[in-house]
Amino acid sequence: MISPIVEAEKSKSGLLLSGTDSTNMRYQKAKVVNVGTDVPTLKSEDVIYYDKANGHDIRIDEIVYRIILERDVVVVL
């Protein structure tokens with residue numbers, strides 16, 4: 001379970017991207033909230049980039065989390 005991180009997106013030259021431009025990007029940054037029992041490569045509090053086209057959103061106590069598979073993680077920071 002991950003919690004997406006909303007941040008100001010910048011281009012390589014330092015220009016701020018609009019909300020529309022940043023939603024067109026394939027990968028999104030997120031913080032790992034909890035991991036399954038069969039996921040040895042991730043731990044809670046890791047910051048990752050994941051393929052935002054995959055996974056499912058759930059709402060717990062008015063907070064939206066995303067459930068993804070380990071193979072959807074692109075980078076662990």
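Residues numbered from 1 in each chain as written. Predicted model: local features only at pLDDT ≥ 70, side-chain atom pairs only at ≥ 80, totals over all residues. Heavy atoms only, no water.

1. Focus: the overall build of the protein
Part 1: Within the protein, the regular secondary structure consists of 1 helix and 6 strands.
Part 2: Along the protein, helices and strands appear, N-terminal first, in the series β-α-β-β-β-β-β.
Part 3: Within the protein, residue pairs in contact and separated by at least 24 positions form 50% of the contacts whose partners lie at least 6 positions apart.
Part 4: Taken as a whole, the protein presents about 5700 Å² of accessible surface, with 53% of it coming from carbon and sulfur. (Helix = DSSP H or I, 4+ residues; strand = E, 2+ residues; numbered from the N terminus. Contact = heavy atoms within 4.5 Å. Areas by Shrake-Rupley, 256 points an atom, 1.4 Å probe, with all protein chains shown as cover.)

2. Some details on the pairing of strand β4 (residues 56–60)
Side chains on a regular strand alternate between the two faces of the sheet.
Part 1: Burial analysis of β4 places just 0 of its 5 residues in the buried class, which makes it a mostly uncovered element.
Part 2: Pairing between β4 and strand β5 (residues 63–67): 5 bridges, direction antiparallel. For His56, the partnering residue across the bridge sits in β5 and is Ile67. (Buried < 20%, exposed > 50% of the residue type's maximum accessible area, 1.4 Å probe, protein only. Pairing = 2+ DSSP bridges.)

3. Observations regarding the side chain of Asp72
Part 1: Looking at the element boundaries, Asp72 is found in the loop between β5 and β6 (73–76).
Part 2: Here Asp72 sits buried without a salt bridge, and the closest side chain of opposite charge, Arg71, lies 4.4 Å off (N-O distance).
Part 3: Reaching out from Asp72, the side chain makes a polar contact with the side chain of Asn54 at a distance of 3.1 Å. (Lys, Arg positive; Asp, Glu negative; His and termini not counted. Salt bridge = Lys/Arg side-chain N within 4 Å of Asp/Glu carboxyl O. Polar contact = N/O pair within 3.5 Å; in protein donor to acceptor, adjacent residues only side chain to side chain.)

4. Side note on the nonpolar core
It is characteristic of soluble globular proteins that their nonpolar side chains tend to be buried jointly.
Part 1: Ranked by size, the top nonpolar core spans 8 residues in total: Ile2, Ala30, Val32, Leu42, Ile48, Tyr50, Ile68 and Val73.
Part 2: Only β2 (27–32) and β3 (47–51) provide two or more residues apiece to this core.
Part 3: Excluding residues within four positions of it along the chain, Ala30 makes contact with Ile2, Ser3, Pro4, Ile5, Asp46, Val47, Ile48 and Tyr50. (Core = buried A, V, L, I, M, F, W, Y, C linked by side-chain atoms within 4.5 Å.)

5. Remarks on unusual backbone geometry
Part 1: At Asp61, a residue that is not glycine, the phi angle is positive and equals roughly 50°.
Part 2: Locating Asp61 in the fold gives a position in the loop between β4 and β5.
Part 3: The phi dihedral of Glu62 is positive, around 70°, even though this residue is not glycine.
Part 4: Within the secondary structure, Glu62 sits in the loop between β4 and β5.
Part 5: Exposure remark for Glu62: the relative accessible area of 65% places this residue in the exposed category.

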